[in-house]
Structures are given as structure tokens and as C-alpha cells.
Amino acid sequence: SQHIHNFLNDTWHARYQSQLDESLLTLIWSVIASVFTLGGLIGTFVGGHAAAKFGRKQVLLVNNVVAILAALFMGIAQPARLYELLIVGRFLIGLNAGVGICVQPLYLGEIAPKKIRGLATVGINVFLTGGILTGQVIGLREILGRKNTWSLLLASCAIPALLQLIALPFFPESPRYLLIDRKDEYQCQKALKTFYGSTHYQMEMDDIQKESQALNGEKPKKILELFFDRTIKWQLISVIIVNMGQQLCGINAIYFYAEYVFRKCGIPEHNIPYVTLGTGVCECITALTCGLLIDKAGRRFLIIGGYTMMAFWCILMTVTLTFQV
């Protein structure tokens with residue numbers, strides 16, 4: 001973040017021949033950091049509708065193009081001396097993340113065999129936190145976290161996008177989408193044979209056909225319609241509260257403003273990147289542990305236990321920061 005602050009100051013001085021005010025610097029940096037979540041919010045809305053209309057695979061392929069565009073904008077922002085490109089790039093990569101976190105679990109859940117479907121869904125969180133940790137590692141000053149390489153660090157999001165763009169065309173579309181949404185039984189069978197082989201696909205085919213018959217042509221509900229459906233009231237409340245609690249615990253503040261937080265805690269400047277790396281390691285270990293325990297301990301126990309620990313540490317941090325000298 002310090003390198004980006006210097007870039008903002010230098011760009012402003014070259015453009016207006018004046019010093020960038022501290023409050024305005026903070027505002028621009030906050031926009032660069034937080035516009036990611038705005039893109040993510042829009043991405044979750046767009047991703048769900050697009051996946052139902054165009055298919056999971058097609059949406060993921062287009063989503064990789066968005067990530068590459070974001071990498072291009074963020075990569076050329078420094079040499080072009082345009083901090084506005086950072087804002088656009090961060091918005092696009094947020095959009096990419098929002099679509100991805102919505103459509104990828106859907107695609108993986110629909111192509112995974114029933115016996116490992118839960119594990120595949122949990123595995124997404126393990127790889128998600130692993131990706132965050134990888135980003136923190138290559139962001140160290142010994143690798144790409146230097147004055148002349150931070151733009152390459154931001155542009156490195158193009159690498160996984162390119163890998164998926166190359167590999168995903170060899171995978172078939174979701175069989176569930178092909179049969180239930182497209183009513184294409186032949187393509188559904190073809191996709192299932194690719195995943196399970198020509199002799200073991202029938203059981204999965206029967207499950208999808210039963211689901212299709214149970215839906216009986218019922219269209220997916222719109223968001224507002226969910227709030228007026230009494231049959232799913234408590235499920236909807238649970239989902240909203242759990243996800244709100246996850247965001248209100250302060251995880252975004254740790255990700256986006258780690259330098260400010262740790263500096264205020266008295267950690268030396270040169271040690272902050274390594275402390276931030278420690279938070280990524282903790283999150284990765286937690287996701288892995290949760291994945292291993294979920295079938296034994298149960299979902300409810302892990303959710304209640306996790307939120308109890310979050311509440312305890314938030315209270316402890318509030319007390320210690322209040323009495324900090």
C-alpha cells in the first residue's frame with residue numbers, strides 16, 4: 001500500500017504540480033481498496049442470472065476475460081500514470097470474484113458425484129484461502145512487493161484466469177443445467193459420460209431426471225419473491241445473518257487496511273508484511289481444519305463455535321484497543 005500511496009502522490013504532483021492532501025490521499029486509496037467489494041456485489045447478482053441463462057461453463061469462460069482485462073488495467077496504471085485505471089481494474093477484478101464465487105461452487109457442485117459433493121464445496125474455501133495466502137506471499141518485498149514491481153503483483157491475477165481459460169473448454173457443461181434448464185437430454189448424457197464414463201453415468205442421470213420432474217417446470221424465484229415465501233423464512237434469515245456476521249467480523253478491514261491496523265498496534269513497519277502473511281496462514285489452516293471436521297463435528301456446531309470465537313476475540317480487541325496507551 002505504501003508503494004501505491006507514493007504512486008498516487010507522484011501522479012498527482014505530475015498532473016497538477018501540487019502536493020496531494022493527506023485526506024484526499026486516504027479517500028482515493030479507500031476507493032481503490034473498497035471498489036473491489038462493490039464489483040463483487042454486482043458480480044454476485046450478474047453471475048446467478050447469467051449462469052441460469054447462458055450456462056455455468058460459458059459464464060466462467062467470459063469471467064476469465066474480465067479478470068484478464070482487470071489485470072491489464074492494473075498492470076499499465078503505473079507506467080501510464082493513471083490511478084483511475086487502478087480503480088477500474090479493482091472494480092473489474094471484484095466483478096470477476098463476485099461472479100466466480102457465485103458460479104464456480106454451482107458448477108463444481110453439479111458435476112461432483114453425490115458422495116463427495118459436500119467435500120467439493122468445502123474445498124472451494126480451502127483453495128480460496130490458499131489463493132489469498134499465495135497473493136500475500138508473492139506480495140512480500142523479496143518477491144513482487146517492491147517499488148518497481150507492485151503493478152506486476154496486481155496484474156498477476158491474469159495467471160489463474162489464463163490457466164482456466166485454456167483448461168475449461170475441455171470440460172463439458174453442467175449436466176444439470178443441460179437437462180433442467182436447456183431440456184437437452186442428449187447433451188446431458190454426453191456430459192455425464194465424459195465425467196463418469198459410459199458405464200457408470202446412469203445413476204447420476206436418474207437423479208437429475210427425478211429433480212427435473214420434481215421441479216415440474218417451476219421457474220427460479222426472484223430475490224424479492226424469496227422474502228415473501230413463508231416456507232423458507234428461517235432458512236433465508238439464517239443465510240443472511242451468517243453472511244452478515246462473516247463480513248462484520250472485520251475480515252475486510254484486515255485485508256484492505258492491514259498496514260494501518262498493524263501500525264497502530266505498534267508493529268514495526270518492516271515486519272507488517274510478515275504479520276499480514278500470518279493472518280493468511282491462520283485463515284488457510286482454519287479452512288482446511290473445517291473441511292476435515294465438517295462431516296464429524298457437523299455444520300451447526302462449527303458455525304456456532306466459529307461465531308462464538310469471533311465474538312470473544314472482537315470483545316477482547318475492543319477492550320484492549322480502548323485502554324491502549
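Residues numbered from 1 in each chain as written. Predicted model: local features only at pLDDT ≥ 70, side-chain atom pairs only at ≥ 80, totals over all residues. Heavy atoms only, no water.

## Quick look at the overall build of the chain
Within the chain, the secondary structure is distributed over 16 helices and 0 strands. Each principal axis of the C-alpha atoms in the chain carries an extent, and together these give about 65 × 45 × 40 Å. Within the chain, the fraction of its 325 residues that count as buried is 32%. Considering only contacts in the chain between residues 6 or more positions apart, those separated by 24 or more positions represent 70%. Summed over its atoms, the accessible surface of the chain is roughly 20200 Å², and 69% of this surface lies on carbon and sulfur atoms. For the chain, the centre of its 28 positive side-chain charges and the centre of its 21 negative side-chain charges are spaced 2 Å apart. (Helix = DSSP H or I, 4+ residues; strand = E, 2+ residues; numbered from the N terminus. Buried < 20%, exposed > 50% of the residue type's maximum accessible area, 1.4 Å probe, protein only. Contact = heavy atoms within 4.5 Å. Areas by Shrake-Rupley, 256 points an atom, 1.4 Å probe, with all protein chains shown as cover. Lys, Arg positive; Asp, Glu negative; His and termini not counted. Charge placed at Lys NZ, Arg CZ, Asp CG, Glu CD.)

## Quick look at the pattern of salt bridges
For the coordinates displayed, the defined rule picks out 6 salt bridges. Measuring nitrogen to oxygen at the nearest pair gives 2.7 Å for the salt bridge that ties Glu211 to Arg176. Of this pair, Glu211 sits in helix H10 (residues 202-215) while Arg176 sits in helix H8 (residues 175-181); the two residues are 35 residues apart in sequence, bridging distant segments of the chain. Overall, Glu211 belongs to the partly exposed group, its relative accessible area being 30%. Accessibility expressed as a relative area gives 21% for Arg176, which makes it partly exposed. Ionic contacts of the salt-bridge type, sharing partners, join the residues Arg56, Glu110, Arg176, Asp181 and Glu211 into one network. (Salt bridge = Lys/Arg side-chain N within 4 Å of Asp/Glu carboxyl O.)

## Structural notes on the UniProt feature "transmembrane region" (unreviewed entry) in the chain
According to UniProt, the "transmembrane region" (unreviewed entry) feature falls on residues 27-47, 59-77, 83-107, 119-138, 150-171, 236-257, 272-294 and 301-323. Helix makes up 100% of residues 59-77 and strand 0%, with an end-to-end C-alpha separation of 27 Å. Spanning residues 236-257, this segment combines 86% helix with 0% strand, and its end C-alpha atoms are found 31 Å apart. (UniProt positions renumbered as here; feature names shortened; annotations may be inferred.)

## Considering the side chain of Thr129
Inspection of the secondary structure assignment puts Thr129 in helix H5 (residues 117-138). Apart from residues no more than four positions distant in its own chain, Thr129 is found in contact with Glu283, Cys284 and Ala287.

## A word on the state of the cysteines
Across all of its chains, the model carries 0 disulfides by this definition. You can see Cys102 has no disulfide; the closest cysteine sulfur is in Cys157, sitting 20 Å from it. A relative accessible area of 27% means that Cys102 is categorised as partly exposed. The thiol sulfur of Cys282 is not disulfide-bonded, and the nearest other cysteine sulfur, from Cys284, lies at 10 Å. (Disulfide = S-S within 2.5 Å.)

## Quick word on the packing of aromatic side chains
Scanning the entire structure with this criterion turns up 3 aromatic pairs. When the centroid spacing of 5.1 Å and the interplanar angle of 75° are considered together, the rings of Phe312 and Trp313 count as edge-to-face. With a relative accessible area of 48%, Phe312 lands in the partly exposed category. (Phe/Tyr/Trp six-rings, centres within 6.5 Å; stacked < 30°, edge-to-face > 60°.)

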